[in-house]
Amino acid sequence: MKVSPDSAADLIARLLKRRGVKRVFALCGGHIMPIWMRLDAEGIRIIDVRDERAAVHMAQAHAELTGELGVALVTAGPGMTNAITGIANAHVSRAPVLVLSGGNPRPQENRGGLQDMDHTQLVRSITRYARTVREPSLVLQELDEAISRAFGDGGEPGPAYIDFPTDTLRGIVPKALQLEEHLNAKPRTVTCPDSSQVERAVDLLWSARRVLVISGRGARGAGPELISLLDRLGAVYLDTGESRGLVPDGHPSVVGAMRGAVMSDADVILTVGRRLDFQLAYGSPSVFQSAKFVRIGDTPSEMRDNRRGAVEILASPAETLRAIVGQAGNRESKVDRQWAAKLRGGHAERAKKLQQSMANAPKGSDGKLHPNKVLSALQQAIGNDSVVITDGGDFLAFARVGLSASMMLDPGPFGCIGIGVPYGIAASLAFPDKPVVVATGDGAFGFNAIEIDTAVRHKAPVLIVVANNGAWQIEVHDQTVTHGKVVGTKLQDADYAGMARSFGMHAERVETEEQLGPAIERALANRPALLDMVVTPEAISSDGKTGLAWVPDLQPLAAWDEAERKWRAS
Ligand SMILES: Cc1ncc(C[n+]2csc(CCOP(=O)(O)OP(=O)(O)O)c2C)c(N)n1
Ligand SMILES: [Mg+2]
């Protein structure tokens, strides 16, 4: 059954085209074929993947890196259930992703049809919008609303889900009902800050001695405004995984390596589009010892989870920061310059030491490379204007600390390992002229390893670096230290380069220091490419040591857990 122009499927494709969608990440199936064929007819490129979860991961990476909507298209039943991990990940990361699916034709609904299932029930708790659209003429307005919800107009951004019975997709929509107002993109609503709140924020920030600024997801796109505030105030700044690269590592406010000291020291903490989640000790007074909070966010959770602000501004972070800097005018900051300079000095010293220790990281007693040796060579080869995706356990921790790039993504607050390969593919398609590198553990690589096929077929210029230590090593370490026994956490010393070559990808195995540099150069020149880096399992990462692996009761890190325990008892 062919699908014609003016069908509901045709309108879906036309709307996505109007909204600037260039790529849809998808896996085929009869229930969605009408949409698929109309997307193709509209010239929207279909990135056909090997597992629906990867399609949603790709849509999320696209959204997070470009600020655009990410779109995934998956078929009914198992196509939809496979996508759920991806949807949950986008939900926790608050990423604007639209997931489209199909369902049984209306006359066959709930009669035991193939792949029949009420998908919306399954995803309701992890989406901003979950609807089945049965009426062809409502397709445009439903999509319009779903996209709005995905971007967080009036709420939290995140995944929106819609499916359509296949006969609905083939249904014809009269021209009169194809309203331009639903087809066209509208400018996003920008929420401006209340001026009295801006004044209060300035009063607090400009009278404080030790101001720490922390940014997150909601600050993406507000880089220049954030930098201007840091410059005017002379505050110190902590990067978090959600907005890595927003303030360049070279900026004088960056004190990432002094995290522990600065969190307990600061008297005012300004969060910009950042939840006070586990990565920030839930904002606990046991860690942020005597700080007042100023919280800016365009979503409720980023404005007020866990700790109330002395000032709370629910508005666009860029607009708010601009208003604050404008309101402050020439007012003199009271930030203790010596305090800031000392932290910066400490940061610079530690960063330099880290670089040196990475470059000189010794081999393990097994003669295998240290993960940091690999990362040091990789950083040298890719420079700083690159996109880096980190994934895994120990290797993720080494890479997150050791690598620097203009854009970085990791498994995020959902801790969703396995995102590496799909994120890297989407990133390299969005930024074909930048070096795009996935630094992944061998365990994490396995989840979506089959997507190397997708990378080859779509010529996605990604370099995948697999740290092959033959184990879910961070868990091995935890078992060894905590339980004295290693059970079910070892993997094989597999030939990942051989696997990649079997799909036609340039791939090499690297075992020695001498092979390292030249292999990286060849791989960068021949992307998509994979480097199977044999590394020692003996290297213990910061995450392996600090508690993240063994999940303490009160806080995610051992030191915070201890501090929290003392504070609760005091
Ligand atoms: C989907 C999912 N499953 C399991 C985990 C728990 N987990 C976190 S890190 C890790 C080990 C990762 O191993 P690998 O990627 O090989 O990195 P390594 O520690 O060996 O460097 C596991 C199993 C998780 N975070 N997500
Ligand atoms: Mg491993």
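Note that this is a predicted model, so its numbers are computed, not measured.

For the rest of this paragraph, the subject is the overall build of the protein. Each helix and strand in the protein was counted, giving 25 helices and 17 strands. For a compact globule of 570 residues, the expected C-alpha radius of gyration is about 25 Å, and the protein comes in at 25 Å, within 12% of that figure. C-alpha atoms of the protein, sized along the principal axes, occupy 70 × 65 × 45 Å. Considering the protein as a whole, with its 570 residues, one finds that 58% of them fall into the buried category. Residue pairs in contact within the protein that sit at least 24 positions apart in sequence constitute 73% of those at least 6 positions apart.

Between the first and last C-alpha of helix 10 (residues 195-207) there are 18 Å, a value that for 13 residues agrees with the 18 Å anticipated at 1.5 Å per step. Here helix 10 has its buried residues at Val 198, Ala 201, Val 202, Leu 204, Leu 205 and Trp 206. Those residues of helix 10 that are buried are in contact with strand 7 (211-215), helix 11 (223-233), strand 9 (268-272), strand 10 (292-297), strand 11 (311-314) and helix 14 (317-328).

What follows is about the sheet that holds strand 16 (residues 506-510). Ordered by their spatial adjacency, six strands build an open sheet running 13-12-14-15-17-16, and the pairing between neighbours is parallel. Lying at the two open borders of the sheet, with one neighbouring strand each, are strand 13 (407-409) and strand 16. Taken over all neighbouring pairs, the strand axes of this sheet differ in orientation by 15 degrees on average, direction set aside.

This part takes up helix 21 (residues 473-483). Residues spaced three or four apart along an α-helix point in a common direction, a consequence of the helix completing one turn every 3.6 residues. Looking at helix 21, one finds that the buried residues are Gln 473, Ile 474, Val 476, His 477, Asp 478 and Gln 479. For helix 21, the secondary structure elements touched by its buried residues are helix 17 (394-402) and helix 24 (542-546). Gly 484 occupies a position one or two residues after helix 21 and carries a positive phi of about 70 degrees.

The parallel open sheet is built from six strands, whose spatial order is 2-1-3-4-6-5. On the outer flanks of this sheet lie strand 2 (45-48) and strand 5 (129-132), each paired with one strand and no other. Here the average twist between neighbouring strands, direction ignored, is 20 degrees. Where strand 5 lies against strand 6 (residues 160-165), four bridges are found, and the strand directions are parallel. Of the residues in strand 6, the one forming a bridge with Arg 131 is Ile 162.

Okay, the packing of helix 16 (residues 371-382) against helix 23 (residues 513-525) next. Relative orientation and spacing of two packed helices are given, respectively, by the angle between their axes and the distance between those axes. Packing of helix 16 against helix 23 brings their axes to within 10 Å, and their N-to-C directions diverge by 40 degrees. By the angle between their axes, helix 16 is oblique relative to helix 23. By crossing handedness, the relation of helix 16 to helix 23 is classed as right-handed. For the pair helix 16 and helix 23, contact is made by Lys 373, Val 374, Ala 377, Leu 378, Ala 381 and Ile 382 and by Glu 513, Leu 516, Ile 520, Glu 521 and Leu 524, respectively.

Okay, the site of ligand 1 next. Residues in contact with ligand 1 amount to 17 residues; listed here are only the nearest, Asp 394, Phe 395, Asp 442, Gly 443 and Ala 444. A distance of 3.0 Å is found between an oxygen atom of ligand 1 and a side-chain nitrogen or oxygen belonging to Asn 469. About the coverage of ligand 1: the protein hides 76% of its 590 Å² of free accessible area. Contributions of two or more residues to the shell around ligand 1 are made by helix 17, helix 19 (442-447) and helix 21. The biggest single contributor to the shell around ligand 1 is helix 19, with four residues. Residue composition of the shell around ligand 1, grouped by class: seven nonpolar, seven polar and three charged.

Procedures and definitions
Residues numbered from 1 in each chain as written. Chains lettered and ligands numbered in written order. Predicted model: local features only at pLDDT ≥ 70, side-chain atom pairs only at ≥ 80, totals over all residues. Heavy atoms only, no water. Helix = DSSP H or I, 4+ residues; strand = E, 2+ residues; numbered from the N terminus. Rg over C-alpha atoms; globule rule 2.2 N^0.38 Å. Buried < 20%, exposed > 50% of the residue type's maximum accessible area, 1.4 Å probe, protein only. Contact = heavy atoms within 4.5 Å. Expected span 1.5 Å × (residues − 1). Pairing = 2+ DSSP bridges. Axes fitted to C-alpha atoms, helices over the stretch in contact; angles between N-to-C directions. Parallel < 35°, antiparallel > 145°, perpendicular 65-115°, else oblique. Left-handed = near helix turned anticlockwise from the far one by under 90°. Near = heavy atom within 4 Å. Polar contact = N/O pair within 3.5 Å; in protein donor to acceptor, adjacent residues only side chain to side chain. Areas by Shrake-Rupley, 256 points an atom, 1.4 Å probe, with all protein chains shown as cover. Nonpolar A, V, L, I, M, F, W, Y, C, P; charged D, E, K, R; others polar.

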